[in-house]
Each structure stands twice: as C-alpha cells, then as structure tokens.
Amino acid sequence: MHAIEIHQLRKTYATGVEALKGVDLTVESGDFYALLGANGAGKTTLLGTLVGLVNRSSGSEKVFGKEVLDYPEETKHSIGLVPQEFNFNIFEKVENIVVTQAGYYGVPRKQALARTEKLLKDLELWDKRNSTAMHLSGGMKRRLLIARALVHNPRLLILDEPTAGVDVELRHSMWAYLRELNKQGTTILLTTHNLEEAEQLCKKVAIIQNGQIIKQGSMRSLLQEMSESIYQVTFKQKPEKLKLKGFKAEATEDPHSWNVAVGQEQTLSALFEAVKAEDLTIVELNTKGNRLEQLYLNLLDS
Amino acid sequence: MNFQRQKIALETIVRKEVGRFTRIWAQTLLPPLINQSLYFIIFGGFIGSQISEIKGISYMSYIIPGLIMMGIISNSFANVVSSFFSSKFMHNVEEMIVASVSNEVILLGYTFGGMLRGLLVGLLILGMSLFFVPFTIAHPLYFVAFAVLTALLFALAGFLNALFAKKFDDISIFQTFILTPLTYFGGVFYSIDHLPPFWQTISKFNPILYMVDGFRYGFYGINDLNPAFGLLFLLLCCIVLTLLNLHMMKKGYGLKT
C-alpha cells in the first residue's frame, strides 16, 4: 500500500512564486524515505500541503489511499509532523505540550498522560517534564518535537530537518530511535540537508530542485549510478608523482595524501595492487566526502 | 467527523484557555476588578452622591450593570484576541491545524474560553458591587441571556480580529479606537433619555447601548430601548460573526499560506 501518493502537485504563492511545479511522488508503506533539496527547493511547501498548512494550487495527494482534501480528519490523524522550526508554546511545560497535542488528536486524557510518559522517557525528557519549553536546550527541543508528533501513534512520520543544530552524539541516538520506529512499521519521510543522514537511514530517496523532482528511486540504485568514487589515500611515503595503473590520481595539499578515483567497474583490491606495484604503503584510506553528496552535487550541476 | 475525537479536542482547547487565564490571574482577573472598583468609588461614591436618581434608582445602582458589562465585553474580547494571535505569532496554532481539529471546534474552543473569562470577571464585579450597594435581579432570564450573548459576541469578535491581525499593534487598534469609545458611549454612565434628540438617534447606532440597556433591564426592570429587540440583535450579530469566522478559516485566511 502507498503511504503517500502525490500526483502533479502544484503550488503558486500569492506573491507569484511557483514553489511546486507538478511534483509526482510515491512513498510505500513502511519506507524510510529521504526528500533532499537545497533551501527553497520546495521541500517544506510539499510537506505543508500534506498536513494542511499550505493550500495547494492543483494536483492530488493521497495518504494511505485517501485524498487529503476529501478526508482531512482521517489523513491528518495518520500523520505525525516534526516541523523544521520550534512551533510549540515556549511558556508551556514540556508534559503539557505533549498531552495537549494528544488532546487535539482526540486521545482521551488518561491515555494521553500514559503515552506522554512513555515517549518522554524513551526520548530522555522525563526529568524535564515540568520545565517550560523555553528552558530546554536545542537538542531537547528537537526531541520534544518528536515526542509531540508521535503521541497519537501515527502510521506516517514526517520529519522536516529533524537533526538541524543537533550535536553528533544526540544525532546518532536520534537516528537509532528513528530506525527502531521504522522497524516497528512506521513509514518515515525525512527531509534533510545532511546527506550522510539520508544515506545512513533511508532506503529510498527523491531529490527536489526548483519545485520539481529531478531524481527518485532506491538509495542503492541511485548510488550505483555514480560513475566513480573518490578516495583519499594517505601513504607512508611522500610520492612526488603518482602513477597507479588504471587509476586517476590527484595530489592534495598534504604531500602524503592523494585523491584517487575508483570507477564503478574497478575494485579496491585492484587499487591496493596498483599501490603495491609502486612500492608504496597505505597508512589511511578514506572516502572523499559522502557518496550521496557527490551524486547530489552531480545532479544539481547537470 | 469523528464526534468523540472532536469533543476531546474541544475539551483540550477549553482546558488550555482556562488554564492560561487562571495561571496569569494577576494580569487577567485582577486588573478589571481594580478598575471597576475605582469607577464604583469615584463615579458611584464621590460624584454619584451629588447626582439625582435615574428612573427611580440611585446613580451608584444605575451604573452597576454597565460596569459589569464593560468587564464582560473587554475581557471576553481580550482573552480570545491575545491568546489566538499569540498562537499564530508563535506558530503553535499549527499544532491544531496539523491535528484533525475542525475549524468549528477551534472557533468554539477559543470562544468558550473567552466567554468563561468574560463571565468570570462579570461575576467577580457583581460580587464586589454588593460591597457598595445591595440589589435584587428583576428579570433573571434577561440578565443571564444578555450576559452570555454579549460574552459570546465579543469572544467571536476577538477571534476575527486575531485572524486578521498580522502584528501585535493590530490587536490593540480595535480595542483602543473602536471598542473602548463605543463602550463609554454605550450608556454605562448615563441614560440616553438625558441626551438631546440628535445624540439619542446617533446613540441608537451603537450596538453596545442595546447590551448595556438590556442587561440593566434584567437587573432593575428599567430600560431606554426594547430588550427583546436587543436580544434578537445580539443573536443576529453572533450568527453573522460565527459564519464570517468559519468562512475566513475555511479559506485559510491568517492561518495557511
């Protein structure tokens, strides 16, 4: 079953800005889906039309088979939204924010209190339940947004740049939490600027640019489309010139390190052999940048 | 529409609204009490003692219904306009939009919250006025109907103002330049019988006059205008404002892009 089916979605703002120019997007139930794009590409507008924050100009959008404009109550009830900006009442207590949101979704108060306790404990916010939201750190506020979005047990979780401004440790714990959630059956649609995050978490990906989807498919197939990967190879020696049979190599500012391109048909074993043939010793091997990032930049360039 | 879910959502909004104005009681409930007690002391006590009776009752007694009405009007309006506009300003109105809360429930919840504050303030002023002058209520049904419908009308007006408002200045303009003058010229402190015929005619275009006069009829059984007409007029205004609010919300005005 499709969790999201978007067909020819268009949005033109009153200012005349055409934010979405005929978007087609399908997210299967159970997917962990990444929607990538630069600032102003149309990601947040697209999500806004799904949850009723933005009026679309034309097109159709279905959530679990139901058109969002015809069945607003049912479709909204199946979605949990983690917005990009903190949009809770900063003067309200953490627990109240989550319980109140549950009430808006029609969850009885007793049940709402129990679910809130579980979510705040899972997201390590229980100790802060009586603090006002304004006194939370940035990372805690992000987790509060997640707790609030999950309090009505949605089948589809939409995350709009959930780890923006979050430190590395917290980011990894949030990734683990989201992976577990997806494993339990929640469909997740994630927009992010962090391409490593998308590559780590998502099975499928769509890239949006200027209000249009320019590429979509499985993460694996998209990455396979890349003609080559660049590795930064650090040698024990300082080779002045580097000729590796069958490989393109480029010097870096560090005299020990060279960038080596490994084509899709080539293997790392072949690279090691070519290095050995030159009597060089590798002390470190790193991918130069993130693979998805390279693909993303290639697509934007083209 | 799932009735049970909407009912819980309505309870949630009302609980949140009541929680908000009771938590900050020093800003919401105390100031109108102090204001109105000053009116009682200065207009009713110091000046009123030098003024002859109006329609058979003392000046102090005459101004009580109007002062209660002033409290109801300004507080039911202020509660909704400030709370709903703050929600828009901080974007937490999105919490309700992304949830399955219907427009009708959002409007009803905020309106009910505003009415409760307005009526609570009215009740407190009523209780306080007993310290100044004893009274009995002549027509309890008119008394209650005018109080409730006035609170409803101004809560609805506050919601509409909040929908249109784009900045904090916009929520004070209506109160300062329209609501306050209309309230003062609405027969709180005088009977329109004392005005020259021209100003009597002009006064009859002021909707607040009908509310104050009708409420005073509920109190003492004295009136300048027809109270049944006043109630009908109030009811009609409430219906028009409800439909206007719902129409604006359906279009997403001030809520969606």
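You'll find the structure just up there.
Note that the structure is predicted; figures quoted are calculated from it, not measured.

Caption draft 1: Quick peek at the interface of chain A and chain B. Facing 28 residues of chain A, the contacting portion of chain B comprises 25 residues. When the area that chain A buries against chain B is broken down by residue, the three leading residues are Leu53, Glu73 and Tyr104 of chain A, summing to 33%. Taken together, the links from chain A to chain B amount to 3 salt bridges. Taking the shortest distance from any N to any O, the salt bridge between Arg5 of chain B and Glu73 of chain A comes out at 3.8 Å. Where chain A touches chain B, the interface holds 9 residue pairs in polar contact (both at pLDDT 80 or more). Sorting the residues of the side of chain A that touches chain B by element identifies helix H2 (72-77) and helix H3 (94-104) of chain A as the ones contributing at least two each. Ranked by the residues each element gives to the side of chain A that touches chain B, the list is headed by H3 of chain A, at 5 residues. Looking at the side of chain A that touches chain B residue by residue, the class counts come to 13 nonpolar, 9 polar and 6 charged.

Caption draft 2: Inspection of the pattern of salt bridges at higher detail. All names here are of chain A. Tallied over the full model, the rule gives 14 salt bridges over all chains. Lys43 is the salt-bridge partner of Glu161, the closest N and O atoms lying 3.9 Å from each other. Residue Glu161 is found in the loop between strand S7 (156-160) and helix H6 (168-183), and its partner Lys43 is found in helix H1 (residues 43-51); the two are separated by 118 residues along the sequence. Assessed through its relative accessible area of 9%, Glu161 is described here as buried. With a relative accessible area of 4%, Lys43 lands in the buried category. Salt bridges here are not isolated pairs; linked through shared partners, they connect Arg56, Glu61 and Glu67.

Caption draft 3: Spatial organisation of the side chain of Thr183 of chain B. Along the chain, Thr183 of chain B turns up in helix H8 (residues 168-184). Dropping the residues within four chain positions of it, Thr183 of chain B is found in contact with Met70, Ile73, Val188 and Ile208 of chain B.

Caption draft 4: Spotlight on the sheet that holds strand S12 (residues 248-251) of chain A. Residue and element names in this part refer to chain A. Spatial ordering of the open sheet is given by S12-S13-S11-S14, a layout of 4 strands whose pairing is antiparallel. Among the strands making up the open sheet, the edge pair consists of S12 and strand S14 (282-287). Each strand of the sheet is rotated relative to its neighbour by a mean of 25°, with strand direction disregarded. Where strand S11 (residues 228-235) meets S14, 5 bridges bridge the pair, whose relative direction is antiparallel. Across the sheet, the residue bridging to Tyr231 is Thr287, located in S14. The strands that helix H9 (residues 268-277) touches are S11, strand S13 (257-263) and S14; relative to S14, the one it contacts most, it runs at about 145°.

Caption draft 5: Highlighting the packing of H3 of chain A against helix H4 (residues 109-122) of chain A. All names here are of chain A. At a closest axis distance of 9 Å, the pairing of H3 and H4 adopts a crossing angle of 130°. Of the possible angle classes, the one that applies to H3 and H4 is oblique. For the element pair H3 and H4, the recorded crossing hand is right-handed. Across the interface between the two elements, Val94, Glu95, Val98, Val99 and Ala102 of H3 pack against Arg109, Ala112, Leu113, Thr116 and Leu120 of H4.

Caption draft 6: Inspection of the sheet that holds strand S8 (residues 187-192) of chain A at higher detail. All names here are of chain A. Across the sheet, 6 strands lie side by side as S6-S7-S8-S3-S9-S10; this open sheet has mixed pairing. On the outer flanks of this sheet lie strand S6 (79-82) and strand S10 (212-218), each paired with one strand and no other. Neighbour to neighbour, the strand axes of the sheet diverge by 15° on average, direction disregarded. Looking at chain direction, S6 and S7 are connected through 4 bridges and run parallel. Bridged to Val82 within S7 is Leu159. Here H1 sits on the sheet and contacts strand S3 (32-36), S6, S7, S8 and strand S9 (204-209); the angle it forms with S7, its principal contact strand, is near 145°. Contacts from H6 reach S3, S7 and S8, with the element oriented near 145° to S8.

Caption draft 7: Broad picture of the environment of Asp193 of chain B. All names here are of chain B. Summarising the element assignment, Asp193 is placed in the loop between H8 and helix H9 (197-203). Asp193 sits 30 residues away from Asn223 along the chain, and the two C-alpha atoms are 10.0 Å apart. Apart from residues no more than four positions distant in its own chain, Asp193 is found in contact with Lys55, Gln200 and Asp224. In this structure the side chain of Asp193 is engaged in a polar contact, spanning 3.1 Å, whose partner is the side chain of Lys55.

Caption draft 8: Focus on a nonpolar patch on the surface. Residue and element names in this part refer to chain B. Together, Trp25, Leu30, Ile34, Leu38, Ile41, Ile42, Phe43, Phe46, Ile47, Ile51, Phe131 and Phe132 line one region of the surface with nonpolar side chains, adding up to about 1100 Å² of accessible area. Considering every element that reaches the nonpolar patch, the biggest residue donor is helix H3 (residues 30-47), with 8 residues. Along the polypeptide, Trp25 turns up in helix H2 (residues 25-28).

Cut-offs used in this document
Residues numbered from 1 in each chain as written. Chains lettered and ligands numbered in written order. Predicted model: local features only at pLDDT ≥ 70, side-chain atom pairs only at ≥ 80, totals over all residues. Heavy atoms only, no water. Contact = heavy atoms within 4.5 Å. Buried area = accessible area lost by both parts, 1.4 Å probe. Salt bridge = Lys/Arg side-chain N within 4 Å of Asp/Glu carboxyl O. Polar contact = N/O pair within 3.5 Å; in protein donor to acceptor, adjacent residues only side chain to side chain. Helix = DSSP H or I, 4+ residues; strand = E, 2+ residues; numbered from the N terminus. Nonpolar A, V, L, I, M, F, W, Y, C, P; charged D, E, K, R; others polar. Buried < 20%, exposed > 50% of the residue type's maximum accessible area, 1.4 Å probe, protein only. Pairing = 2+ DSSP bridges. Axes fitted to C-alpha atoms, helices over the stretch in contact; angles between N-to-C directions. Parallel < 35°, antiparallel > 145°, perpendicular 65-115°, else oblique. Left-handed = near helix turned anticlockwise from the far one by under 90°. Patch = residues over 30% accessible without salt bridge, like charges linked within 9 Å, V, L, I, M, F, W, Y side chains within 5 Å. Areas by Shrake-Rupley, 256 points an atom, 1.4 Å probe, with all protein chains shown as cover.

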